[in-house]
Amino acid sequence: HTSLPLVINTWPFKNATAAAWNALQSGGSVLDAVEKGCARCEMEQCDGSVGYGGNPDETGETTLDAMIMNGDTMDVGAVADLRRIKNAIGVARAVMEHTEHTLLVGESASVFAENMGFVAEDLTTNKSVNIFSKWLKGNCQPNYRKNVFPNPSKSCGPYKPRATVRRNTRAQLVNTCSHDTIGMIVLDQHGHLAAGTSTNGLTHKIPGRVGDSPIVGAGAYADSSAGAASATGNGDLMMRFLPSYLAVELMRAGADPSAACKTAISRIKRHYSDFFGAIICANTTGHYGAACNKVPGFSQFHFMVSNSESDIPLLKS
Ligand code: SD4
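In what follows, the accompanying structure is described. The model shown is predicted, which means the values in this text are computed figures rather than measured ones.

1. Quick word on the pattern of salt bridges
Within the structure shown, the criterion is met by 12 salt bridges. The residue Glu107 makes a salt bridge to Arg83 at a minimum N-O spacing of 3.0 Å. Of this pair, Glu107 sits in helix H4 (residues 106–115) while Arg83 is found in the loop between strand E3 (76–82) and helix H3 (88–98), placing the two residues 24 residues apart along the sequence. Arg252 is the partner of Asp223 in a salt bridge, and the nearest nitrogen-oxygen pair spans 2.8 Å. Of this pair, Asp223 sits in strand E9 (residues 220–223) while Arg252 sits in helix H8 (residues 243–252), placing them 29 residues apart in sequence. Taking relative accessible area as the criterion, Asp223 reaches 10% and is therefore assigned buried.

2. Structural notes on the side chain of Arg93
Topologically, Arg93 is positioned in helix H3. Here Arg93 falls in the buried class, since its relative accessible area comes to 12%. Setting aside residues no more than four positions away along its own chain, Arg93 makes contact with Ser29, Leu31, Asp32, Glu35 and Ile68.

3. A short note on the site of the ligand
The local shell around the ligand holds 13 residues, among which Asp180, Thr181, Arg209, Asp212 and Thr232 are the closest. Residue Gly233 places a main-chain N or O atom 2.8 Å away from a nitrogen atom belonging to the ligand. Within the backbone of Gly235, a nitrogen or oxygen atom sits 2.9 Å from an oxygen atom of the ligand. When isolated, the ligand has an accessible area of 280 Å², and the protein chains bury 100% of it.

4. Regarding the packing of helix H2 (residues 30–44) against H3
The geometry of H2 relative to H3 is characterised by a closest axis approach of 8 Å and an angle of 150° between their N-to-C directions. What the angle tells us is that H2 and H3 run roughly antiparallel. Residues Leu31, Asp32, Glu35, Cys38, Ala39 and Glu42 of H2 touch H3, and the partners they reach there are Ala88, Ile89, Gly90, Arg93, Met96 and Glu97. Its residues placed into classes, the contact of H2 with H3 shows 6 nonpolar, 1 polar and 5 charged.

5. Thoughts on the packing of aromatic side chains
Applying the stated criterion across every chain, the model contains 7 aromatic pairs. Consider the rings of Trp11 and Phe276, whose centres lie 6.3 Å apart with planes at 15°: the pair is stacked. Residue Trp11 is located in the loop between strand E1 (6–10) and helix H1 (14–25), and its partner Phe276 is located in the loop between helix H9 (257–269) and strand E11 (277–283); the two are separated by 265 residues in the primary sequence. Residue classification places Trp11 among the buried residues on the basis of a relative accessible area of 2%. Consider the rings of Phe301 and Phe303, whose centres lie 6.1 Å apart with planes at 15°: the pair is stacked. Pair check on accessibility: Phe301 and Phe303 agree, each one buried. Pairwise contacts between aromatic rings join Trp11, Phe276, Tyr288, Phe301 and Phe303 into one cluster. Stacked on the ring of Tyr52, the Lys or Arg Lys86 has its end atom at 4.0 Å from the ring centre.

6. Some thoughts on H2
Here H2 contains 15 residues, and its C-alpha end-to-end distance of 21 Å stays within 8% of the 21 Å for a straight helix at 1.5 Å per residue. What H2 keeps buried is the set Val30, Leu31, Ala33, Val34, Glu35, Gly37, Cys38, Ala39, Cys41 and Glu42. Turning to H2, the residues buried within the fold contact H1, strand E2 (64–70), H3, strand E7 (182–187) and strand E8 (193–199).

7. Digging into the state of the cysteines
According to the stated counting rule, one finds 2 disulfides in the structure shown. The residue that forms a disulfide with Cys41 is Cys46, at a sulfur-sulfur distance of 2.2 Å. Disulfide Cys41-Cys46: the torsion about the S-S bond is -85°, which places it as left-handed. Cys41 sits in the buried class, given a relative accessible area of 0%.

8. Overview of the sheet that holds E9
By way of backbone hydrogen bonds, the strands of a sheet pair with one another, either parallel or antiparallel. Strand order in the open sheet made by the 4 strands is E9-E10-E11-E12, with antiparallel pairing throughout. Lying at the two open borders of the sheet, with one neighbouring strand each, are E9 and strand E12 (288–293). Neighbour-to-neighbour, the strand axes of this sheet turn through a mean angle of 10°, independent of strand direction. Note that E9 and strand E10 (residues 227–233) share 4 bridges and pair antiparallel. Of the residues in E10, the one forming a bridge with Ala222 is Ala228.

Conventions used here
Residues numbered from 1 in each chain as written. Predicted model: local features only at pLDDT ≥ 70, side-chain atom pairs only at ≥ 80, totals over all residues. Heavy atoms only, no water. Salt bridge = Lys/Arg side-chain N within 4 Å of Asp/Glu carboxyl O. Helix = DSSP H or I, 4+ residues; strand = E, 2+ residues; numbered from the N terminus. Buried < 20%, exposed > 50% of the residue type's maximum accessible area, 1.4 Å probe, protein only. Contact = heavy atoms within 4.5 Å. Near = heavy atom within 4 Å. Polar contact = N/O pair within 3.5 Å; in protein donor to acceptor, adjacent residues only side chain to side chain. Areas by Shrake-Rupley, 256 points an atom, 1.4 Å probe, with all protein chains shown as cover. Axes fitted to C-alpha atoms, helices over the stretch in contact; angles between N-to-C directions. Parallel < 35°, antiparallel > 145°, perpendicular 65-115°, else oblique. Nonpolar A, V, L, I, M, F, W, Y, C, P; charged D, E, K, R; others polar. Phe/Tyr/Trp six-rings, centres within 6.5 Å; stacked < 30°, edge-to-face > 60°. Lys NZ or Arg CZ within 6 Å of the ring centre and 35° of its normal. Expected span 1.5 Å × (residues − 1). Disulfide = S-S within 2.5 Å. Pairing = 2+ DSSP bridges.

So this is what it looks like as structure tokens:
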């Protein structure tokens, strides 16, 4: 295909697109490109939703989820609930290249990272402290808990199970998330495909919560014989449908990337009509597409593209 290589990523994170593109141009592999692209967002704290200092959890800590997948070998490395390490995608790649495992989580993932030479540092910033203290001072809703009530002597936690069962507060779950995970797909001239994600998840999440981003087939999926996809949005809902895996399998069966993306989103909509989420897809020839579920009150979904027709990242929606 003449327009190869191809770099696409979720949201208007054009410096990430450029970093991935430059990695390819300077002889890097598709994995290098995905890693460099996502790492760029981790450094820039893209939209506050990637990297350190954003989306503090219920205790005020920022934790990170990331994954990287090699579509040639189907090797995957991922980290979830990673603490104290800024370069989550780098740790994910280290999991892939230096272990037999796929996913490491929490404190243990951080210890692994430190042993691999990643610098441990506080991920808290003035911004994340402000978000957290505003939440504490405000109504401090237990955003992601169902059937609980806050300790009556305090406005926030510790939360106790509610004695009488209430209806599932699905709307609350949907409306309190922020969504700007970077998901990236890179395809080179030789047909090598890779995909990856990096995020700090959701604001005020319950400690230990892991989103879709580090889950294979949910946050991203790549198979050089079929295509690749990556999702962004309400991971708690999206991961139930493995939308990235679904989109890749639809492309394998002959769907074009836009149709594959659309179907993956509509599968979720059937059950959660007001969920916020989007997906990007690319097939093995470098054709790409995207789809999102438009929800009132949420920003429109945008994504970035670089290919040989335009090595300046282009904003698409
Ligand atoms: C998550 N999917 O942790 C992530 C959040 C996100 O764009 O995509 N933001 O649920």
